[in-house]
Amino acid sequence: MCDEGGRLYAAALRTGRISRADAENAPCLVEHALLHPDPDDPSWLRPVPPVVALSRQLGPLETEIADRRRRASELTEIFQPFMALGSQVAATSDSITVLEGSERINAALNMATAQCQKEMLTVQPSDRLSERSLLLGLERDKPLIARGMRIRTLYQHTARYNPEQLAYAARLSEGKAEYRTIDEVVERLIICDDTVAFIPAREDQQVALELRHPGIVRYLSKLFEYLWDRAVPLSTGTPYEIAPGGITEIQHSIAKLLIEGHVDEAIARRLGMNVRTCRAHIAKLASALGSGSRAQLGYLIAQSGILNSEGTAK
């Protein structure tokens, strides 16, 4: 209602009528049916009682509301059979989160470790750690040690010759931090309290997956335990002892991968060493077996029986 219409309608209610000439200044009164002609004198207009006017205005609105409620009920019935399926899809998608960029990955790791209450399990391939990565790891792990939590970390055997990783382990060796090494690990893995796990999703470590599906996390935890039971405590001597036949343990691991058909670069990556070191071990292995070529080396490894020996340190 316009301002002038409100004033005139109030005046009409007080006096019982207003002139048609006055009402021309407020056409909204007629548009909303708030006035009607005086049956005794057409030059005057009488006000419609407010209760009647309100009922007339509300009628269409209430009809529209009823129609919308009925439509909402129909839509609810239509989608009801799909609600259970939709909740399953939501649960599945929420259990796997893609983290892009080191900043978001580190933020998710920091939050997970801050919420960790019992134990954190980590698998760390033995590549060279940058100073920044070392500091980030210390900032994340020190509060866990202070809270008396257990941390178990798996490295490759080559970590024993990596000063940065040895320094990292030494600074966290107090409390419940344990470190072991194994001949070969595949990729990074972090598990907190058997509830959330992090794995890389790309070679450049710029994309990671945050996993919260109980079945997936349980599987990864069992995989960690399998590797942990076969690993050697970092505090013990080097596992690269001389095995039967004058073959070192690292050369034993290389021999196994050579037989499987891996090239030097792949072997070096899987064992956590540079390619030059890997090729030096291959040369020593070839010398020990009397091999004159790469093809002959594979044959001699198979014939020597070194892969059937029990010489690997446990």
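Residues numbered from 1 in each chain as written. Predicted model: local features only at pLDDT ≥ 70, side-chain atom pairs only at ≥ 80, totals over all residues. Heavy atoms only, no water.

(A) Main features of the pattern of salt bridges. One pass over the full model with this rule turns up 14 salt bridges. Here D264 ties to R279 by a salt bridge, and the two come within 3.0 Å at their closest N and O atoms. Of this pair, D264 sits in helix α10 (residues 264-271) while R279 sits in helix α11 (residues 275-289), placing them 15 residues apart in sequence. We classify R279 as partly exposed; its relative accessible area is 44%. What you see here is one network of salt bridges that share partners, running through E119, R150, R152, E178 and E225. (Salt bridge = Lys/Arg side-chain N within 4 Å of Asp/Glu carboxyl O. Helix = DSSP H or I, 4+ residues; strand = E, 2+ residues; numbered from the N terminus. Buried < 20%, exposed > 50% of the residue type's maximum accessible area, 1.4 Å probe, protein only.)

(B) Just the side chain of T122, in detail. For T122, the location among the structural elements is in strand β5 (residues 119-123). Polar contacts involving the side chain of T122 include one to the side chain of T153, which spans 2.7 Å. Excluding residues that lie within four positions of it along the chain, T122 makes contacts with R152, T153, L154, L189, I190 and F224. (Polar contact = N/O pair within 3.5 Å; in protein donor to acceptor, adjacent residues only side chain to side chain. Contact = heavy atoms within 4.5 Å.)

(C) Structural detail: the packing of helix α9 (residues 249-259) against α10. It is the contact of α9 with α10, at a shortest axis distance of 10 Å, that shows an interaxial angle of 135 degrees. Our classification of the angle between α9 and α10 gives oblique. Both α9 and α10 take part in a crossing whose hand is right-handed. Mapping the contact onto sequence places I250, S253, I254, L257 and L258 in α9 and I267, R270 and L271 in α10. Classifying every residue of the contact of α9 with α10 gives six nonpolar, one polar and one charged. (Axes fitted to C-alpha atoms, helices over the stretch in contact; angles between N-to-C directions. Parallel < 35°, antiparallel > 145°, perpendicular 65-115°, else oblique. Left-handed = near helix turned anticlockwise from the far one by under 90°. Nonpolar A, V, L, I, M, F, W, Y, C, P; charged D, E, K, R; others polar.)

(D) Spatial organisation of unusual backbone geometry. With a phi close to 55 degrees, D193 is a non-glycine residue in the positive phi region. Summarising the element assignment, D193 is placed in the loop between β8 (189-192) and β9 (196-200). The exposure class of D193 is partly exposed, given its relative accessible area of 22%. Despite not being glycine, D194 shows a phi value in the positive range, around 60 degrees. Structurally, D194 is set in the loop between β8 and β9. For D194, a relative accessible area of 51% translates into the label exposed.

(E) Spatial organisation of the pairing of strand β3 (residues 44-47). Along β3, the buried face is formed by L45 and P47; none of W44 and R46, which line the opposite face, is buried. Direction of pairing for strand β1 (residues 18-19) relative to β3: antiparallel, over a ladder of two bridges. Bridge pairing in β3 links I18 to L45. Pairing between strand β2 (residues 35-37) and β3: three bridges, direction antiparallel. (Pairing = 2+ DSSP bridges.)

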